Amino acid sequence: MHNISQRKRTLLKVIVLGDSGVGKTSLINQYVDKKFSQQYKATIGADFVTKEIQVDDKLVTLQIWDTAGQERFHSLGAAFYRGADCCVLVYDINIQKTFDTLNNWHDEFLKQADTNDPEAFPFVLIGNKVDVDGGNSRRVTEKKARNWCASRGNIPYYETSAKEGYNVEEAFFCVAKIAQENEHVQDIFFGGISESVSEAEQQQQPSRCAC
Amino acid sequence: MNPSEITRRMYNSTNCDTDDAKYERALLSRSEITHGEHPLSLGKTSVWNLFFQDTEIIEQIDRDVKRTHPDMHFFSGDSQFARSNQEALKNVLIIFAKLNPGVRYVQGMNEILAPLYYVFKNDPDEENAAFAEADAFFCFVELLSGFRDNFVQQLDNSVVGIRSTITRLSQLLREHDEELWRHLEVTSKVNPQFYAFRWITLLLTQEFNFADILHIWDTLLSDPDGPQETLLRVCCAMLVLIRKRLLAGDFTSNLKLLQSYPTTNISHLLYVANKFRVQSV
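About the thresholds
- Residues numbered from 1 in each chain as written.
- Chains lettered and ligands numbered in written order.
- Predicted model: local features only at pLDDT ≥ 70, side-chain atom pairs only at ≥ 80, totals over all residues.
- Heavy atoms only, no water.
- UniProt positions renumbered as here; feature names shortened; annotations may be inferred.
- Helix = DSSP H or I, 4+ residues; strand = E, 2+ residues; numbered from the N terminus.
- Buried < 20%, exposed > 50% of the residue type's maximum accessible area, 1.4 Å probe, protein only.
- Contact = heavy atoms within 4.5 Å.
- Areas by Shrake-Rupley, 256 points an atom, 1.4 Å probe, with all protein chains shown as cover.
- Buried area = accessible area lost by both parts, 1.4 Å probe.
- Salt bridge = Lys/Arg side-chain N within 4 Å of Asp/Glu carboxyl O.
- Polar contact = N/O pair within 3.5 Å; in protein donor to acceptor, adjacent residues only side chain to side chain.
- 1 Å grid on protein atoms, 1.4 Å probe; cavity = no way out; pocket = protein on both sides within 12 Å on 5 of 7 lines; lining within 4 Å.
- Points joined across faces, edges and corners; volume = space filled by probe spheres on them.
- Nonpolar A, V, L, I, M, F, W, Y, C, P; charged D, E, K, R; others polar.
- pLDDT = per-residue confidence, 0-100.
- Axes fitted to C-alpha atoms, helices over the stretch in contact; angles between N-to-C directions.
- Parallel < 35°, antiparallel > 145°, perpendicular 65-115°, else oblique.
- Pairing = 2+ DSSP bridges.
- Domains from an automatic or database assignment.
- Core = buried A, V, L, I, M, F, W, Y, C linked by side-chain atoms within 4.5 Å.

The name an unreviewed UniProt entry assigns to chain B is Rab-GAP TBC domain-containing protein, from the organism Flemingia macrophylla.

Per an unreviewed UniProt entry, chain A carries the name Ras-related protein Rab7 and comes from Flemingia macrophylla. The Subcellular location (unreviewed entry) comment attached to chain A in UniProt states, word for word, "Cell membrane". Here chain A is described in UniProt, under the heading Function (unreviewed entry), as follows: "Protein transport. Probably involved in vesicular traffic."

Encoded structure:
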C-alpha cells in the first residue's frame, strides 16, 4: 500500500441482522460491489466486508458484518456484536413473519452487544424486496413499519430493492451517518493485502437521513 | 351412528371454522381420526400440530437447498435434472430433521449433504445411481454422528460444542506455529470464531471449489483418526500455508483473507496437514 504510516481514521462497525432469506447478503453486496446475484449461498456464522466513504468532511471505514439468519446462530452473536456502532435490521416487506421477528432481533442484539446506553443505541430498519411482483405481494405497509420505528425510539426507515439497487446507497449512508454520531475512533493499520472494496468513494448524498 | 359420523360431529362441534379442503388432504380416512388427532388440534402430542410446526423448518430447507452450489448445474437452476436433485436433498434433510428432533435442521447441513449425494448420483453404475438419495441419507447420518454437536445450540458452550472445537484448532495452531498463532489472535485480534466457525461446521464446503472439496473429503473420510481430527489438521494447515500473508496483515486484511481462502494446491495442503499428525504422535 502507498501509505505505510499509521493514520487515524474513523472505523464504524455495523451489524446486519434479520431473518433468513430477507436479503441481507444481497443488500450488502449491492452496496459494496454494486452487484446483484439471484443466488447467494446461505451465510453461515458471519461474513465481513469493508467500505470507505466520505461522510461530511470525514473519511470513514464501514466494517459491515453480514450475519446468518437462522435462530440457531443467535447464541454466537456476542462475539460479532461487540463494539458495534450501528445495527441494521432487515425484513422482507412481502413476508409478515420477517417483520414480526424484528422485536426479537432488536432486543436480542441489545442484550448481547453489551452497549453502554441501550436506549440510545442507533438502529436502522430496512424493508427490502420492494421490487417483487411490482409491489403487489406486499404484506407489511409502510405505515406499519414506520409505527414500529416510532415505537422503538424513532429508528430511521428505508424501503429498498437490493435487486435493482433502489435506495440501498441512501440507507447505508444513513447508517454511516448515525453510526458516526456514536463513533469509536480507532487506529487502523492500512497495510498488507488490499481489497478492491477499499477505494474511497466520493458521494453525493442527502445531508440528513431521518425520514 | 357409525364411528365416522361421531368423529365428524365431534370435529365440527370443536372447530367452528373447519375448512373442508384442509382435512380432505388428510391421508387417514375420517373414521380413523380420533378426537385428539385432527388438523386443527393444538395438543402437544398431536402429529398434526407437529406437522404445522415442521412447516417452518421445511421452508428453511427449501430456501437453502435452492441456493446450494448456485454455480453448478447439477444443483442449481430450473432444469428437470437440477430440480430432481434438489428434491432429493430436501427429502434427506427433512427426514433427518424429523428423526433427530434434538438437532433438527440447521443452515449449512445442505452443504454437507451435497458432496455425498453428488458422488452417489454420479456413480457410473446406473443401478447404484438410482439409490443415490437413500445412500446419501445413510452416509449423511453416519457423518453427522461425529459432527452433530457442532450444530446444537444448547451445546455451544459445552466441551463437545462448536466453541470448544474451535478452541482445539487454536491450540493445534499454537502447538505447531506459535508465532502465527500469536500474531493472529493476540496482535491482529482475529477471533478464530470469525472464520473457523464456517470452516468446521461446513467441513470446508464453502471454502473451495467442488472438485477440491471432494479431494479434501476423500482424506477426511478415509483417515483412521476420523473426520473431526483430520479436519482440524487441515484447517491448521490452511493457516500455516498462508502464514507469510497473515503475519504481514492486520485485522481487516487477515479476516478477509481467511473468509475467502485463496486457491491452493490441495495435495500440498493435505501433505502439510498430515505432517501435523506425525509431529503430535
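Alright, that's what it looks like, and here's the rest.
**Student:** How should I be thinking about the overall build of chain A in this particular structure?
**Tutor:** When you go through chain A residue by residue, the secondary structure sums to 6 helices and 7 strands. Helices and strands in chain A line up, N terminus first, as β-α-β-β-α-β-α-α-β-α-β-α-β. Here chain A, with 211 residues, has 56% of them falling under the buried criterion. Within chain A, residue pairs in contact and separated by at least 24 positions form 77% of the contacts whose partners lie at least 6 positions apart. Carbon and sulfur atoms make up 45% of the accessible area of chain A, which totals about 9,600 Å².

**Student:** What exactly am I supposed to notice about the interface of chain A and chain B here?
**Tutor:** Where the parts come together, the accessible area they lose is often given as the size of the interface. Tallying the contact residues gives 33 residues for chain A and 39 residues for chain B. Each partner contributes to the roughly 3,000 Å² buried at the junction of chain A and chain B, and carbon and sulfur atoms together form 53% of this total. One can count 2 salt bridges joining chain A with chain B. When the shortest N-O distance is used, the salt bridge between B:Asp156 and A:Arg72 registers 2.8 Å. Our enumeration of links across chain A and chain B arrives at 13 residue pairs in polar contact (both at pLDDT 80 or more). Among the elements of the structure, strand S2 (46-55), strand S3 (58-67) and helix H2 (77-81) of chain A are those that each provide at least two residues to the side of chain A that touches chain B.

**Student:** Help me understand the UniProt feature "domain: Rab-GAP TBC" (unreviewed entry) in chain B, please; the structure alone is not making it clear to me.
**Tutor:** In the numbering adopted here, UniProt assigns the feature "domain: Rab-GAP TBC" (unreviewed entry) to residues 38-224 of chain B. Measuring from the first to the last C-alpha atom of residues 38-224 of chain B gives 50 Å, for a span that is 64% helix and 0% strand.

**Student:** Is there a simple way to think about the environment of B:Leu239 in this case?
**Tutor:** All names here are of chain B. For Leu239, the location among the structural elements is in helix H12 (residues 227-241). Distance in space between the C-alpha atoms of Leu239 and Leu258 is 8.2 Å, their sequence separation being 19 residues. Filtering out sequence-adjacent residues up to four positions away, Leu239 remains in contact with Leu173, Leu180, Leu184, Tyr195, Trp199, Leu246 and Leu258.

**Student:** Even after reading the chapter, I still don't get unusual backbone geometry, so can you show me in this structure?
**Tutor:** Apart from glycine, the bulk of residues carry a negative phi angle, and the bulk of peptide bonds sit in the trans form. Residues and elements named next belong to chain A. Here the phi dihedral of Asp56 falls at roughly 55 degrees; this positive angle occurs in a residue that is not glycine. Of note, Asp56 is situated in the loop between S2 and S3. You will see that Lys129, though not glycine, has its phi angle at about 70 degrees, which is positive. Relative to the helices and strands, Lys129 resides in the loop between strand S5 (123-128) and helix H5 (142-151).

**Student:** Where do I start with empty space enclosed by the protein in this structure?
**Tutor:** If you roll a probe as big as a water molecule over the atoms, it shows you where there is empty space left. All names here are of chain A. Counted by the stated rule, this structure contains 5 cavities of 30 Å³ or more. Considering only enclosed or pocket space, the second largest cavity measures out at about 100 Å³ in volume. Broken down by element, the residue count for the lining of the second largest cavity peaks at 3 residues, all from H2. Residue classes in the lining of the second largest cavity are distributed as 9 nonpolar, 4 polar and no charged.

**Student:** Help me understand the confidence of the model for chain A in this model?
**Tutor:** For chain A, per-residue confidence averages 85 on the pLDDT scale, and 82% of positions sit at 70 or higher. The model gives residues 1-6 of chain A a pLDDT under 50, and that stretch makes 8 contacts with residues more than four places away or in other chains.

**Student:** How should the packing of helix H7 (residues 132-147) of chain B against H12(B) be read in this particular structure?
**Tutor:** In a pair of packed helices, the angle between the axes and the distance between the axes together describe the arrangement. Residues and elements named next belong to chain B. In contact at an axis separation of 9 Å, H7 and H12 are set at 70 degrees when each is read in the N-to-C sense. The pairing of H7 with H12 is recorded here as roughly perpendicular in orientation. Contacts between H7 and H12 involve Leu143, Gly146 and Phe147 on the former and, on the latter, Pro227, Gln228 and Leu231.

**Student:** I would appreciate a short explanation of the side chain of B:Thr230 in the present structure.
**Tutor:** Residue and element names in this part refer to chain B. Residue placement: Thr230 occurs in helix H12. Given a relative accessible area of 3%, Thr230 falls into the buried group. Residue contacts for Thr230: discarding those within four places in its chain leaves Thr219, Leu220, Asp223 and Asp225.

**Student:** In this structure, what is going on with the environment of B:Lys244? I would like to understand it.
**Tutor:** With respect to the helices and strands, the residue B:Lys244 is situated in helix H13 (residues 243-248). Placed 64 residues apart in sequence, B:Lys244 and B:Leu180 show a C-alpha to C-alpha distance of 8.9 Å.

**Student:** Would you explain the pairing of S3(A) in this entry?
**Tutor:** Looking along a regular strand, one sees side chains alternate from face to face of the sheet. Residue and element names in this part refer to chain A. With 8 of its 10 residues buried, S3 lies for the most part within the structure. Judged from the 10 bridges that link them, S2 and S3 form a sheet pairing that is antiparallel. Bridge pairing in S3 places Ala46 opposite Thr67. Hairpin connection, S2 to S3: the antiparallel pair is bridged by 2 residues, and Asp56 has positive phi, about 55 degrees.

**Student:** Any chance you could explain the domain arrangement of chain B here in plain terms?
**Tutor:** Residues and elements named next belong to chain B. Assigned domains of chain B: these are domain 1 (46-145) and domain 2 (155-280). The C-alpha-based centres of domain 1 and domain 2 are spaced at 27 Å. In this assembly, 12 residues from domain 1 lie in contact with 11 residues from domain 2. Roughly 890 Å² is buried in total at the junction of domain 1 and domain 2, and carbon and sulfur atoms are behind 86% of that figure. When the area that domain 1 buries against domain 2 is broken down by residue, the three leading residues are Glu111, Pro115 and Leu143, summing to 48%.

**Student:** Where do I start with the nonpolar core in this structure?
**Tutor:** Counting 110 residues, the largest nonpolar core has A:Phe109, B:Met109 and B:Phe140 as its most contacted members. If one sorts the elements of this core by residue count, H12(B) sits on top with 9 residues. Each of domain 1 (46-145) and domain 2 (155-280) of chain B gives at least three residues to this core. Apart from the residues lying within four places of it in its own chain, the contact partners of B:Phe140 are B:Val92, B:Leu93, B:Phe96, B:Met109, B:Ile112, B:Leu113 and B:Leu116. Listed in part, the 29 residues of the second largest apolar core include A:Val32, A:Phe172, A:Val175 and A:Ile178.

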